[in-house]
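# Breakdown of the fold
Take a look at the letters that make up each chain.
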Amino acid sequence: VPDNLMPGAERLIEIGPDGCPPVAEFGLLELAARLGRTYESVAMQASQLLDLRYRFPKLFAAVLAGELAPWQAAQLTAECYPLCQEQALRVDAELGLIGFQSMARAKRRVRGLIAKLCPEVVEEQARDKRAGRFVAIGDSQAGSSDLFGRINAADGRFLNATLNRLAEVFAAQGDQGSLQQRRAKALGVLAVPARALQILQQAVQPQLVE
């Protein structure tokens, strides 16, 4: 962030993986308002689009040509999220025609290419698993993703407290969801730190005034 940036001024934020350009922070908020959707859902879809556009030109061309559905492309690029842009481009270049394959087969093809072209990434993931700490996010199903992992104990306590705090804020704002639903919503908000900070600051402001 530039030193001369005024507090509250718009910033460029990175929402996509390596190789994707930053986007205007307020632009996403305005788009979400126009579409009548949450900021988080718009940011996620924008991230998927940037990933596809700047890291997978062949897949992107297939979507534009109507040979591949956007949701199919998003599932395939999600397999490559840990890759740097150069590695993602190598996988994309060797994918070949996948429009007539089942998604299960296409995903196996992508995983095989990752193992072949980017063995260092596979080894790093193996080391992380051996170390006992990892975070994994499963394929999206009906608008949801399964998340599981293991983190440092102290980090886990802080994360748990933050989720509970955000869940309380959502309830005070009128969210009728269960505690666990609000905690899940909170975790999604934490994926965009600026958004989480904004929510927490707004919740504290009335208390400061009093």
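Here we summarise the structure given alongside this text. Quantities reported herein were computed from a predicted structural model and do not represent experimental measurements. (Residues numbered from 1 in each chain as written. Predicted model: local features only at pLDDT ≥ 70, side-chain atom pairs only at ≥ 80, totals over all residues. Heavy atoms only, no water.)

### Concerning the nonpolar core
In a soluble, globular protein the nonpolar side chains are often hidden away together inside. For clarity, the threshold we go by: As used here, the term nonpolar core means buried Ala, Val, Leu, Ile, Met, Phe, Trp, Tyr and Cys residues forming a set that is joined through side-chain atoms within 4.5 Å. For every residue, the accessible area obtained with a 1.4 Å probe (protein chains only) is divided by the maximum for its type, and the residue is called buried under 20%, exposed over 50%, and partly exposed between those limits. Strands here are runs of E lasting at least two residues and helices are runs of H or I lasting at least four, both read from the DSSP assignment and numbered beginning at the N terminus.
In this structure, L59, C80, L83, V91, I114 and C118 are the most contacted members of the largest nonpolar core, which totals 21 residues. When contributions to this core are tallied by element, the ones reaching two or more residues are α3 (57-64), α4 (70-78), α5 (85-94) and α6 (103-117). Residue contributions to this core peak at six residues, all from α6. With twelve residues, the next largest nonpolar core counts I15, L28, V42 and A43 among its residues.

### Quick notes on the pattern of salt bridges
To be explicit about the condition: Only one rule defines a salt bridge in this text: a Lys or Arg side-chain nitrogen within 4 Å of an Asp or Glu carboxyl oxygen.
The tally for this structure, following the rule as stated, stands at six salt bridges. A salt bridge links R111 to E79, with the shortest nitrogen-to-oxygen separation between them at 2.9 Å. Here R111, found in helix α6, pairs with E79, found in the loop between α4 and α5; they are 32 residues apart in sequence, far enough to count as distant. According to the relative accessible area criterion, R111 is partly exposed, its value standing at 45%. Of the charged contacts, one joins E168 and R165 as a salt bridge, the two residues approaching to 3.6 Å between their closest N and O atoms. Taken together, the residues E168 and R165, both in helix α8 (residues 153-172) and three residues apart, mark about one turn of the helix. For E168, a relative accessible area of 49% gives the class partly exposed. Exposure remark for R165: the relative accessible area of 30% places this residue in the partly exposed category.

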